[in-house]
Structures are given as structure tokens and as C-alpha cells.
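In case you want the letters, here they are:
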Amino acid sequence: MAYCVRCGVKLEEGSTICPLCQTPVVAPPEIIGVQQDPLFPKITDDLKKHSADEYQRLDKTRKGVIELVIAFMSIAVITLIITTFALDGTFSPWIPIGSVILGGSYILVALFVRPTFQKIGTWYIILTAVLLTVIDFGDLILTWSFIVNVSLLLLWIVAIFPWMLSQHLRTKGFATAIIAIAPYFVVLDYLTSGTIGWSVAIALPTYAVSLVSLMFLALRIRYGKPSVTDIVLSVIVSACWGVVAGDFFNLRAIQSSQLLSWSSSVMVVAVCLLIFLSLNMSVRRVRNYFNNRVK
Amino acid sequence: MNPERLLTALEHVIERFPYFAVSLHKGFYWYYFLPNKAPLKVYPETSSPCGYIHRKRGANGYLFKVRYTERRIVVEYFHALTDGTGGLVFLKSLVAEYLKLSGHEVGSDSQIFVPGTKMNPEEQEDSFERFYKPIKSVFGFMSKAFHMPAHGDLTDDVQVISARIAIADLKRVSASYQVTITEYLVAELIAALQRIQETTVKRQSKYRPIRISVPVNIRKVFGSHSMRNFTLFIVVGIDPRLGHYEFDEILNQIMHQMRSEVNTKTLSMQVARNVAGRRTPAIRYAPFVFKNPLMKLLSDSYGDGIYSTVISNLGNVSLPPGMQEVVERLDFYLSPSKVNKISWSAIGTNGYLSLNCSSIFAARTDFERELLSELVKKGIPVEVSTNRLPSEDGNTFHEEKLR
């Protein structure tokens, strides 16, 4: 019978390792001894099989929450059906019923699907598309849902698809997704007005300006170490430039003599923030002042 | 061990414990017990205790399971059926009957119920209902306590480290601090958790209170003879956000908290809190599908969440002379939960205390090591056994990996 040199505890007969710290026992076999009567039975194949038959484990919490969600959904659907009969056909229950079932499905997805961002995100986008189609189909004609569903597809391409790729392909995937948004403006323009007008004249140049501004931020993140405040302010600056560009290209499209109209104040904000960001980036004293450092 | 004889002994003993021969059923509003006439079974012991007992298929509908190895009799209970004291009485009665069938003479003992004797009607009562007084509960909100960091893999098989300690040694050390063995062990557990929190949590502002739940057998306090569940918990602890506690400070806090908590008035308030829920019609008649998940959520947040671990000490168990000769050791394991992944249990007999740590951490043993090596440092010899298998890389999860 040996002792652990690290923990000081006495080990049972035959132990060659301390169960508390895994320190091996370095002692002659006569001191280690032979395990005569173990406290717990050794694991054998028979015991494993028996144990597997005996224990059919269930995640009771998950089961309970699923039951609760289904119960709430059933109550809501029954209430809606009763309301329909009570109001003598003046109330159409299909859209609320579809919404209730899909709302419950959002919670059930989180319980059934493997909890990864990609899987849950994909399911949520599919369910949202179905929900919007159901709402649009309430009057038995599909109108706006197609355009919204294409937007959802784009959201999936930008926000989820890159994360399904491996690490080295992710940047390329993300870049492809950003580019994929551009044709969407043209398609949307064509679907709504039958011609290509505002998409080429306003949307695409505005989008390009915002992207260039964001590209500077991406370069700074890649080669520098900006603080969270820097990143947030840079995103605000990019948004401001996007707004200013939108106004600018809109005025050009309507052949106005003004350079900028309502967005001039936004441009002032963008310029001020840009000056601050530049100083913060280049002058140590400014940086230290805002970081509350003495030196 | 003769399984056939054990089964016969079980069949004899269960007649004396009719309130254990029940099965659990699911109603529209609540679960309920019904008498179970299904044939009894005995099972070979598995390598890990405290397994899940399915209420229908687990043990032919029974809520306890009798197991055996070559030299050991084990009974596993579902806590809705009984608590540690009730379980101990059943085990002692079963062992006594088995020994009797094997030709051993077993002397009489107040905790051994002999088959064929008359049952005291109080044994099957629900003492919570009997001792309920309509007192307004004045429990304050308790913040979430420190829990062992969730590093490392979890396992479905309960992993045990069993420490065998001479009661005389424990008595000597606890007497030097002028406290009881339970108070001393609780203080050591808190000190070990404080060391782990100081190692794993970097900033003191992020520290959480360290609290231990100590089940109390309230039969003696209220004068109950029930064999059904009649246990309450007292929660004692320290708040390390106020600074580091020395061991003497911890011990002082624990001693006063434990002694002030165990009195009829405070415990009556807990009984009232436990019973008030089922006496409120809105809760009582709420359908099961709503009640069950909400109760589970409340139990995790306001029950298991407010303490860091649990230690249940069944005390020193006396055995009648005929049994003392053949019983080598007595062990008791408390099932860990998903929130509190480690639980401690202690039981003493024949001059030795078995301090068992049940854990669902697959490899990490730093809590066990912190406590047991501290006992060794204080001059208490500790012998450890385990059902843990040595890890394949020969290296378990201990505190170096956390740093």
C-alpha cells in the first residue's frame, strides 16, 4: 500500500497512480500491493451492455420546455379557431395561426437543432421566409414576399454563408457575399419599376462609397490594433459617408444645382469624427487623454 | 453474495415497508404514487453509483434499486421516495434479513425493522403536511453562488472518490477547534472552494459567495417517525467579495450559522415554504405541462444555484453486534446535479468515516484534491479509492491546467 508523494493520501492496494493528482507511484511491487477487493466493480463488456440497457437517459428539462412550447402553441391555435367561429366568419385565422406555429418553431429549432450559429441562423432565415410568405398569401396573392425573401437570401449569403467555409476561405467568401449585394439592387429596381433607374444612378455608387469607407476600417483592423470605441466610431463614419453619398447621387440623378441638401449636417459630423479618429490614431497625447492614462 | 437469497430477503423486507412498494405515475396536475405489485428484482452493481432510475422501466416500476457485487449490498433510491435516514433504515433491515437467511444471528436495533412486525402508521405519513403551520415565509433573495468552473468534459457516469478517515482523527482535530465533525468538514469545503475561486477567477470583484447546503434530518427536531422524505437544507457560507477569509474565520462563521439555523421556528418556516406551493389552488391545479418546466427552472435558479456544493452527513451509524462482525464498511453516495456537479456525502461506522465525493466531471479532481490533501496537512490520515479510470495520457485535469 503506497502513499501519494504530492497529496499525501494513502492509496488503495494495487494503485499505481494517485486518483487525485495522477502522480504515478514509484515504489516496489510489494509496497504497491495487489488489489484484492476493489470498492467498485471493474468495467467489463457485460457490465457496459447491462448498464446501457438499464439507463435510457432522457434530457428531462429539454423535454419539459418542448412540452411547454407545444402547450402554449395549442392553446393559442384553439383560441384563434374559437374566435373565428364566435365572430361568424368575419375574422380570418390563417395568418395568426401561421404566425403562432412559426413563432413556436423558432423556439423548437433552438431545442432540436445542434446549437451552432450557422445551423440555427439558417433555420431561422428559412422559417422567417415561410412566415412572411404565409402573411403575404393571406389574401391568396403573392406580392411583396418574393422581394423580401430575396433579401433574406442575401442576408444568409452575407451573415451565415462565410461562417460555413473553412478559415482560409472565409475572407474570400465574405468578399463574394459583399459583391453579391450589388446585383440585388439592380434586380430590385427592375422588379419594382420595370426599368433600371435608381439602382445604377444612386444605390450602387452609394454602396461603393460605404464599402470604400469600411475597407479602411478593415485595413486598420488587419494591420493595427484599434480599440472597440475606434471600431464603433469608424462604423458610424462609414454610415455617415453612405448617407452623404446617397444624398449627393440623388441630387445628381434629379439634376439639381445643389451639391448637398439635408445631408450637409451629417457630413459635418462625419468630418469631425474623422478628424478625431485621425488624431486618436496618430497623436499619442490625444490617445492617452481619452484612454484615461497618465503617461 | 447470493443473489437469490438477496431477492428473498428483499421480498420479506418490502412487506414491512409497504410505503416503498410504490410506483410513480404522471397525472394531469401532478405526479402521484400508486402501490406496485410487480415482481421485485436485484441487479448486479455497475461501476458508477447514482444512476438514473426510469420511473417505468428502471426497476420494474419501483423507485429504488437493489444491487449486489461479490461482497456488497447496494440500494439506490429516488429522492421522492425517501431520504438518507429512511434509506439507511431500509438498507439495515435488508442486510439484517439477508444475514438471518444466511444463518447469522443479528441483534435488535431501533433502525432495523423486522419483517412480520407491526408497522407504525406514522412511518408512511407525509410529515411536511403534518408539521405545516401557516407561517409567512420571510426568505430573502439569495444571489448566485460560486460554482466549480465548467472547464473539462462532463460524463453521464458518476465518478466517485471515496476517502476513508478514522473518526478518532477527525474528532481530535475538530475538537481542537471546538466544533463538530460536520461543521469542521463544511469549513474545510468552503476553504477549498475559496482557494479554487482565488485561482480560477482573476478579479475579486468577479468573486461570488461560497455557500454549502447541509441537509438536516428534521425528524428529531419535530419528533417525526416518518420513513418518507423529511429533510430540509440549511445553507451556510462566506462572501469572499469582502476579502480573503482565514480558516479560523470560516470556522467561526460556519459554526454560528449552522447552530443558529437549526431551530424549530426557522425550520417551520422552511416547511411552510415547501408546503405553501401545493396548498395554493392556482399552483396546485395548474396543468403539469406548465408546472413542470417552470418548477425545474425555479429549482435550478433558486435552489441549486444559490449554493456551491452539498455535503450530507448521515453521522455515525451503530450496528447491532451480529452485524458489526460481518459489515466491513458502510458507504453513502449523493447524486450530483447539472448545476452542482460535485456533491459530498459522509457516513461513519466501525470507527471509520467514508467521505465520498460524487462528481460528473470526467477528469478534473482539483476540488477533491484541495480538500483531502488539506486534511492530510492537518494530520488526518486519508485513504482514497476511486472508480475513476486513469486517463489515457496519464494526466488528469488539475489546477495547473486552469492557470
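Cut-offs and rules
- Residues numbered from 1 in each chain as written.
- Chains lettered and ligands numbered in written order.
- Predicted model: local features only at pLDDT ≥ 70, side-chain atom pairs only at ≥ 80, totals over all residues.
- Heavy atoms only, no water.
- Helix = DSSP H or I, 4+ residues; strand = E, 2+ residues; numbered from the N terminus.
- Buried < 20%, exposed > 50% of the residue type's maximum accessible area, 1.4 Å probe, protein only.
- Areas by Shrake-Rupley, 256 points an atom, 1.4 Å probe, with all protein chains shown as cover.
- Axes fitted to C-alpha atoms, helices over the stretch in contact; angles between N-to-C directions.
- Parallel < 35°, antiparallel > 145°, perpendicular 65-115°, else oblique.
- Contact = heavy atoms within 4.5 Å.
- Salt bridge = Lys/Arg side-chain N within 4 Å of Asp/Glu carboxyl O.
- Disulfide = S-S within 2.5 Å.
- Expected span 1.5 Å × (residues − 1).
- Patch = residues over 30% accessible without salt bridge, like charges linked within 9 Å, V, L, I, M, F, W, Y side chains within 5 Å.
- Pairing = 2+ DSSP bridges.
- Core = buried A, V, L, I, M, F, W, Y, C linked by side-chain atoms within 4.5 Å.
- pLDDT = per-residue confidence, 0-100.
- Phe/Tyr/Trp six-rings, centres within 6.5 Å; stacked < 30°, edge-to-face > 60°.
- Lys NZ or Arg CZ within 6 Å of the ring centre and 35° of its normal.

The next subject is the overall build of chain B. In terms of helices and strands, chain B carries 13 helices and 12 strands. In chain B, buried positions account for 52% of the 403 residues. Taken as a whole, chain B presents about 18600 Å² of accessible surface, with 54% of it coming from carbon and sulfur.

Before going further, it helps to examine the packing of helix α4 (residues 167-176) of chain B against helix α5 (residues 181-200) of chain B. Residue and element names in this part refer to chain B. Two elements in contact, α4 and α5, have axes separated by 9 Å at closest approach and are oriented at 80°. Taken together, the axes of α4 and α5 are roughly perpendicular relative to one another. Here α4 contributes Ile167, Leu170, Lys171, Val173 and Ser174 to the contact with α5, which in turn contributes Ile181, Tyr184 and Leu185.

What follows deals with the pattern of salt bridges. Residues and elements named next belong to chain B. Going through the model one piece at a time under the given rule, you end up with 26 salt bridges over all chains. The residue aspartate 83 makes a salt bridge to arginine 219 at a minimum N-O spacing of 2.9 Å. Remark: arginine 219 occurs in helix α6 (residues 219-222) and aspartate 83 occurs in the loop between β5 (73-77) and α2 (84-101); sequence separation between them is 136 residues. What makes aspartate 83 buried here is its relative accessible area of 4%. Its salt-bridge partner being glutamate 125, residue arginine 130 comes within 2.9 Å of it at the nearest N-O pair. Judged by its relative accessible area of 16%, glutamate 125 falls in the buried class.

It is worth spelling out the state of the cysteines at this point. Residues and elements named next belong to chain A. In total, this model carries 0 disulfides over all chains according to the counting rule given. Free cysteine: cysteine 7, not disulfide-bonded; nearest cysteine sulfur from cysteine 21 at 3.5 Å. Judged by its relative accessible area of 4%, cysteine 7 is buried. The closest cysteine sulfur to the non-disulfide-bonded cysteine 18 is located on cysteine 4, 3.6 Å from its own sulfur. Given a relative accessible area of 0%, cysteine 18 falls into the buried group.

We now examine α5(B). For α5(B), spanning 20 residues, the distance from its first C-alpha to its last is 28 Å, which sits close to the expected 28 Å at 1.5 Å a residue. The buried fraction of α5(B) amounts to 15 of the 20 residues, a majority that puts the element mostly inside the structure.

In terms of backbone geometry, most residues other than glycine have negative phi values and most peptide bonds are trans. Residues and elements named next belong to chain B. Of note in the backbone geometry, cysteine 50 takes a positive phi value of approximately 55° without being a glycine. Cysteine 50 gets classed as buried once you look at its relative accessible area, which sits at 18%. Here the phi dihedral of glutamine 178 falls at roughly 60°; this positive angle occurs in a residue that is not glycine. Relative to the assigned elements, glutamine 178 resides in the loop between α4 and α5.

All names here are of chain B. On the surface, Phe28, Tyr29, Trp30, Tyr32, Leu34 and Tyr285 cluster together into a nonpolar patch covering about 600 Å² of accessible area. Along the polypeptide, tyrosine 32 turns up in strand β2 (residues 31-35). The exposure class of tyrosine 32 is partly exposed, given its relative accessible area of 34%.

With that settled, the discussion passes to the sheet that holds strand β4 (residues 64-68) of chain B. Two pairing modes exist for strands in a sheet, parallel and antiparallel, and in both the strands are linked by backbone hydrogen bonds. Residues and elements named next belong to chain B. Read from one edge of the open sheet, 3 strands run β3-β4-β5, paired in mixed fashion. Here the strands that pair on one side only, and so sit at the sheet edges, are β3 (42-44) and β5. Taken pair by pair, the neighbouring strands of this sheet meet at an average axis angle of 35°, ignoring direction. Bridge count for β3 against β4 is 3 bridges, and the pairing is parallel. Considered in β4, the bridge of tyrosine 43 is made with arginine 67. This element, helix α1 (residues 3-16), spans β3, β4 and β5 of the sheet and lies at about 150° to β4. The strands touched by α2 are β4 and β5; relative to β5, the strand with the most contacts, the crossing angle is about 150°.

On to the nonpolar core, then. Ranked by size, the top nonpolar core spans 72 residues in total, and within it A:Val9, B:Leu355 and B:Leu372 carry the most contacts. The biggest single contributor to this core is α5(B), with 11 residues. Excluding residues within four positions of it along the chain, A:Val9 makes contact with A:Ala2, A:Tyr3, A:Cys4, A:Cys18, A:Leu20, B:Leu372, B:Val376, B:Val382 and B:Val384. The next biggest cluster of nonpolar side chains, apart from the first, holds 46 residues, and it includes B:Val13, B:Leu63, B:Val75 and B:Leu319.

Residues and elements named next belong to chain B. Residues at a pLDDT of 70 or more form 95% of chain B, whose mean pLDDT is 88. Across residues 393-403 the pLDDT falls below 50, and counting only partners more than four positions away or on other chains, this stretch makes 30 contacts in the model. The ipTM value of the predicted complex is 0.83, and its pTM value is 0.68.

All names here are of chain B. Here strand β6 (residues 154-166) runs beside strand β11 (residues 352-361); their pairing, made up of 9 bridges, is antiparallel. What sits directly across from glutamine 159, in β11, is serine 359. Judged from the 5 bridges that link them, β6 and strand β12 (residues 382-386) form a sheet pairing that is antiparallel. Across the sheet, the residue bridging to arginine 164 is glutamate 383, located in β12.

To continue, consider the packing of aromatic side chains. Per the counting criterion, the structure on display carries 29 aromatic pairs over all chains. With 5.7 Å between their ring centres and 40° between their planes, A:Trp156 and A:Phe161 make a pair best called tilted. Among the aromatic residues, those joined into a cluster by ring pairs are B:Phe17, B:Tyr19, B:Phe20, B:Tyr62, B:Phe64, B:Tyr77, B:Phe90 and B:Phe113. Stacked on the ring of B:Tyr43, the Lys or Arg B:Lys65 has its end atom at 4.9 Å from the ring centre. Stacked on the ring of B:Tyr352, the Lys or Arg B:Arg164 has its end atom at 4.3 Å from the ring centre.

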